[in-house]
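What follows is each chain in one-letter form.
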Amino acid sequence: MVSSGFRDLLLKLGLPEGRLHVLEGKGRIEEDTFEGIRYVRFRDSAKGFRRGTVVFEDGTVVSGFPHIKRVVQLENGVKRIFKGRPFYVEEKVDGYNVRVVKVKGRVLALTRGGFVCPFTTERILDFVNEGFFKDYPNLVLVGEMAGPESPYLVEGPPYVEEDIEFFLFDIQEKGTGRSLPAGERYRLAEEYGIPQVEVFGLYDRSRIEELYDLIERLSREGREGIVMKTPDMRKVAKYVTPYANINDIKIGSHIFFDLPHGYFMGRISRLAFYIAERKIRGEEFDEYTKALGEALLKPLVESIEEVSQGHEVEESFTVRVKNISTAHKMVGHFERLGVKIHIEDIEDLKNGYWRVTFKRVYPDARREIRELWNGLAF
Ligand code: ATP
């Protein structure tokens, strides 16, 4: 339920009363508090409000981050989406999406789903210059948090060797969620020293061979892919490397029964499209078949073996926090996401940070494997 103060605010912002009623009834709009700051988050879209939109008690609206179209056949996708127009090519950094905003004097980091993330909020000013918000209180910085010590992902990009980093890839207006033109974003990032995703340059469809070379290089380097954007940010499309498709399957296979079938389907088919588009044959083809087979099977077999010996299906991850209380807040945060984690270890790094190790268990995956192992028939 949404309190009456928020109800009035949402109606004033243009949310139709009927829609609010439906969202409330289905629990698709939720009220929450972060350290005394109240907000609602949209778990579904509604007129003028994208999914993931957050509305704060002071009336600040941070629009949800929009879905980016995925291209699967690179050459035809580029032709179809961009026609003859030029587009910037940026790295698609493998991490988690955050929207950074200043509300009631505090810089907050929002997850894609519209939660204020306690961990990211505590760390964000390690990476982002607060002066930016003094000069542009009406803008939202959108970027990827990526690295090996991340609460939401098992791995990070190869060039972040420890901890986590922020990579800006969009600047949007509060309220409308409209993006600044890419060139303006590049300039502002430079001016305020905000780290940003790597920009590979301005391309167009006549340079498809160079794009293929870029994808091959990124794949070799263990990087996730590219996002292509017209300078005005009106057309945006993503493409992932064969490396990322296989690596995601490897990570997912460990918790095979916890993931929707589409997780594997999408990645296998994207890899197949890549192989067909690039006409890969012979030895290289054999390498892909082996890598895919291994990625699909090995972690799953290992999980089955673990469970058959009475163990859990689990993953551990480590993050660096400034206050131990932030680690406890993360446990609560995950609980609200329906995820079971507990703190396994806390180490004082003696530089103002604590390294906290969490363990996440997957009870559903474990139950499924145990039942099948114990002879349950389909
Ligand atoms: P979508 O709703 O777009 O399908 P998804 O959760 O399936 O999202 P992905 O397939 O990983 O996500 O791709 C989109 C995400 O990629 C964005 O939400 C953003 O967090 C991330 N990303 C990384 N680098 C960039 C970049 N340079 N430009 C835009 N997004 C980027």
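Residues numbered from 1 in each chain as written. Predicted model: local features only at pLDDT ≥ 70, side-chain atom pairs only at ≥ 80, totals over all residues. Heavy atoms only, no water.

### Thoughts on the site of the ligand
Around the ligand sit 16 residues, and of these His67, Ile68, Lys92, Glu144 and Lys238 come closest. For the ligand, an oxygen atom lies 2.8 Å from a polar atom in the side chain of His67. Glu144 places a polar side-chain atom, nitrogen or oxygen, 2.5 Å from an oxygen atom of the ligand. In the complex, the protein chains occlude 79% of the 620 Å² of accessible area that the ligand would expose alone. Every element with two or more residues in the shell around the ligand is listed here: strand S6 (87-92) and strand S12 (225-229). Ranked by residues supplied to the shell around the ligand, first place goes to S6 with three residues. Class assignment of the residues belonging to the shell around the ligand gives a composition of six nonpolar, two polar and eight charged. (Near = heavy atom within 4 Å. Polar contact = N/O pair within 3.5 Å; in protein donor to acceptor, adjacent residues only side chain to side chain. Areas by Shrake-Rupley, 256 points an atom, 1.4 Å probe, with all protein chains shown as cover. Helix = DSSP H or I, 4+ residues; strand = E, 2+ residues; numbered from the N terminus. Nonpolar A, V, L, I, M, F, W, Y, C, P; charged D, E, K, R; others polar.)

### A few points about the sheet that holds strand S10 (residues 165-173)
Strands sit in the order S8-S7-S9-S10 across an open sheet of four strands; the sheet is antiparallel. The open sheet has two edge strands with one neighbour each: strand S8 (106-110) and S10. Taken over all neighbouring pairs, the strand axes of this sheet differ in orientation by 30° on average, direction set aside. Both strand S7 (residues 96-103) and S8 contribute to a ladder of five bridges, which runs antiparallel. (Pairing = 2+ DSSP bridges. Axes fitted to C-alpha atoms, helices over the stretch in contact; angles between N-to-C directions.)

### Topic: the nonpolar core
With 37 residues, the main nonpolar core has Leu74, Val89, Leu211, Ile226 and Met228 as its most contacted residues. Examining the composition of this core, we find that six residues originate from one element, helix H7 (residues 208-220), more than from any other. What Val89 contacts, discounting residues up to four positions off in sequence, is Glu198, Val199, Phe200, Gly201, Tyr203, Leu211, Leu214, Ile226, Val227 and Met228. Val128, Leu180, Tyr192 and Val319 belong to the second largest nonpolar core, which has 34 residues in total. (Core = buried A, V, L, I, M, F, W, Y, C linked by side-chain atoms within 4.5 Å. Buried < 20%, exposed > 50% of the residue type's maximum accessible area, 1.4 Å probe, protein only. Contact = heavy atoms within 4.5 Å.)

### What to know about the pairing of S7
In terms of burial, S7 is largely enclosed, as eight of its eight residues are buried. Covered by surrounding structure in S7 are Tyr96, Val98, Val100 and Lys102 together with Asn97, Arg99, Val101 and Val103, the residues of both alternating faces. Where S7 meets strand S9 (residues 139-146), five bridges bridge the pair, whose relative direction is antiparallel. Bridging from a neighbouring strand, Val98 pairs with Gly143 of S9. Hairpin connection between S7 and S8: a loop of two residues separates the two successive antiparallel strands, and Lys104 in this loop has a positive phi of roughly 50°.

Function-wise, these values are silent; they only describe arrangement.
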